[in-house]
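An overview of the molecular structure
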Amino acid sequence: APLVLFAATAALLAAACAAMVPFTFPDVRYRRVSFTNSYSTRGEEIAGLLLLPEEPAGDPMPAVVFAHGLTACKEFYLSLYRDLAVKGMAVLAVDLPGHGDSGGHTDFGRSEYTALLSAYDWLVENQPDVDPGRVAAAGQSLGGIAATRAGIFQPEPKFSAVVAVFCWQGDRAALEELFGPIGQYVGRIWPHLIFSSDYDINDPSTAAQRDIMPYLGPGVPPDYLLVIGALDEFCGVEHERELLARAAGLESVEDLVEGKTYGSFSDGTA
């Protein structure tokens, strides 16, 4: 009898929750999806959460592929996704490799961008109501790095804009900002960290391969917006100013004016 009562109660609660969903989110449809990361040598499965608006902002409609921060998952930012979907945009939020329901493992910001490239492909192939020319890559922290690298290293035009809520110049620079010179602390404990299986932070040549600064320039990544908090724990404002000045094609960081739009949206260099 207790088991029957428990099962009946659980069924009633599940039915009540299901009945509430259309009234709680009447203007957004949700669907869990998965696909293979075809741009990764490991070919891991990537889990995603697709949000579609009831009233699209265009036919076809714009879309955003969004990536979360380190140790987080796609569900953390649900209120943000819903706000974008309510405004008429499709949103495909993904679990980066080694996070949430996705396979693989994190690479500390170097290769996670491949999951966003695969997410773009899945989105435009499976949602014909999405405009392939108006899909933005966006993310926060590790996701901001992934989005930035996706905009830089996309093999052919996919993302027409990139939004990063924090992005470092490279992981060595970020670790030095947080902990001081590599050799004093991080370099000593590095062999004991999971990231050491992929590369050695003590090797300057290897670390340089993970630096994005040489690749930045007007239009790379396209229509780039960088957001930074004054007290961000991983990166100082000055580092971000240097990064954005390079992306804007300025000769000196001193020429950078925060809040000003450089370049042009008409050619993707904004």
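Here the structure is a predicted model, which is why all the values come from computation and not from measurement.

1. So, the nonpolar core
- By size, the foremost hydrophobic cluster in this structure holds 53 residues, and its most contacted members are Leu92, Leu116, Leu123 and Phe159.
- It is helix H3 (residues 113-126) that contributes the most residues to this core, eight residues altogether.
- Beyond its immediate stretch of four places on either side in the chain, Leu123 contacts Leu50, Ala63, Val65, Leu92, Val130 and Val135.

2. Re H3
- A rise of 1.5 Å per residue sets the reference length of H3, with its 14 residues, at 20 Å; its end C-alpha atoms lie 20 Å apart and thus fit the reference within 8%.
- Summarising burial for H3: 11 of the 14 residues are buried, a large majority.
- Considered for burial, the residues of H3 that qualify are Tyr113, Thr114, Ala115, Leu116, Leu117, Ser118, Ala119, Tyr120, Asp121, Trp122 and Leu123.
- Contacts from the buried residues of H3 go to strand E1 (28-36), strand E2 (45-53), strand E3 (61-67), strand E4 (90-94), strand E5 (130-140) and helix H4 (142-153).

3. Focus on empty space enclosed by the protein
- Tallied over the entire structure, the rule returns one cavity of 30 Å³ or more.
- Here the largest cavity defines a volume of roughly 30 Å³.
- What lines the largest cavity is simply Phe108, Gly109, Arg110, Arg149, Trp168, Asp171 and Arg210.
- Of the residues in the lining of the largest cavity, the class split is two nonpolar, one polar and four charged.

4. A look at the layout of surface pockets
- Estimates place the volume of the largest pocket at around 580 Å³.
- Lining the largest pocket are 28 residues, with Tyr224, Leu225, Leu226, Leu244 and Lys260 positioned closest to its centre.
- Breaking the lining of the largest pocket down by element, the ones donating at least two residues are strand E6 (161-165), strand E7 (224-227) and helix H8 (237-248).
- Per-element accounting of the lining of the largest pocket gives the leading share, six residues, to H8.

Each value, and the rule that gives it
Residues numbered from 1 in each chain as written. Predicted model: local features only at pLDDT ≥ 70, side-chain atom pairs only at ≥ 80, totals over all residues. Heavy atoms only, no water. Core = buried A, V, L, I, M, F, W, Y, C linked by side-chain atoms within 4.5 Å. Buried < 20%, exposed > 50% of the residue type's maximum accessible area, 1.4 Å probe, protein only. Helix = DSSP H or I, 4+ residues; strand = E, 2+ residues; numbered from the N terminus. Contact = heavy atoms within 4.5 Å. Expected span 1.5 Å × (residues − 1). 1 Å grid on protein atoms, 1.4 Å probe; cavity = no way out; pocket = protein on both sides within 12 Å on 5 of 7 lines; lining within 4 Å. Points joined across faces, edges and corners; volume = space filled by probe spheres on them. Nonpolar A, V, L, I, M, F, W, Y, C, P; charged D, E, K, R; others polar.

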